[in-house]
Amino acid sequence: MVNENGVSLDKHCKSVYQRIKGNCCDEWKSNRLTFYGWYKDRLAKQEVLCEYCHLRGDTMLHYKRRFRPNRKGGFNRGLHLEVDRRISKDKDGPTKYEPTNCVLACYPCNNAKSDVFTYDEFRQIGEMICKVKKGC
Ligand SMILES: [Zn+2]
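Just so it is clear, the model here is predicted, and its values are computed rather than measured.

Conventions used here
- Residues numbered from 1 in each chain as written.
- Predicted model: local features only at pLDDT ≥ 70, side-chain atom pairs only at ≥ 80, totals over all residues.
- Helix = DSSP H or I, 4+ residues; strand = E, 2+ residues; numbered from the N terminus.
- Buried ≥ 20, exposed ≤ 12 C-beta atoms within 10 Å, placed from the backbone.
- Contact = placed C-beta atoms within 7 Å.

Undergrad: Looking at this structure, I do not really get the environment of Gly-74. What am I missing?
TA: With respect to the helices and strands, Gly-74 occurs in the loop between strand S1 (67-69) and strand S2 (75-77). Each C-alpha atom of the pair Gly-74 and Lys-91 lies 38 Å from the other, and the pair is 17 residues apart in sequence.

Undergrad: Would you mind showing me how to read unusual backbone geometry here?
TA: Glycine aside, negative phi is the norm for most residues, and most peptide bonds take the trans geometry. In the Ramachandran plot, Val-48 falls in the positive-phi region, its phi being about 65° despite a non-glycine side chain. Topologically, Val-48 is positioned in the loop between helix H3 (32-45) and helix H4 (60-63). Take Val-48: there are 14 C-beta atoms within 10 Å of it, and that puts it in the partly exposed class. Phi angles above zero are rare outside glycine, and Lys-64 is one such case at about 60°. In this structure, Lys-64 sits in the loop between H4 and S1. Residue classification places Lys-64 among the exposed residues on the basis of 7 C-beta atoms within 10 Å.

Undergrad: Sorry if this is basic, but what is going on with the environment of Leu-43 here?
TA: Within the fold, Leu-43 resides in helix H3. It is 22 Å that separates the C-alpha atoms of Leu-43 and Gly-22, two residues lying 21 residues apart in sequence. Those residues in contact with Leu-43 that lie beyond four places of it in its chain are Val-48, Leu-81 and Leu-104.

Shown next as structure tokens:
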């Protein structure tokens, strides 16, 4: 599958996996294909829309730009939905990336939520982003 910006979903999954593999659950750590499968199932479940703002992952569509330029003349962020931990840290420290703790979010939402807002707080913020950007 290739999206509007020509970046294949498999290539994107691989790049996301590289970012999270150091802190993901044993299942995903032992077999990256289980992560790719989860990502694609989740994408279908969310109807290819961000969990928070309900916009598509390609930020060019709503923000007219992408983020984090790379040395190859492209961009590293804003191409597809990213993996966000609903709860990013607890009393024991950072939480793991695992199916029950993860949703897909666009780069602006993922970046803004950070570990500053809770899942429920950012759902409310996402509704406002949706109204501003899409008028829904
Ligand atoms: Zn979003």
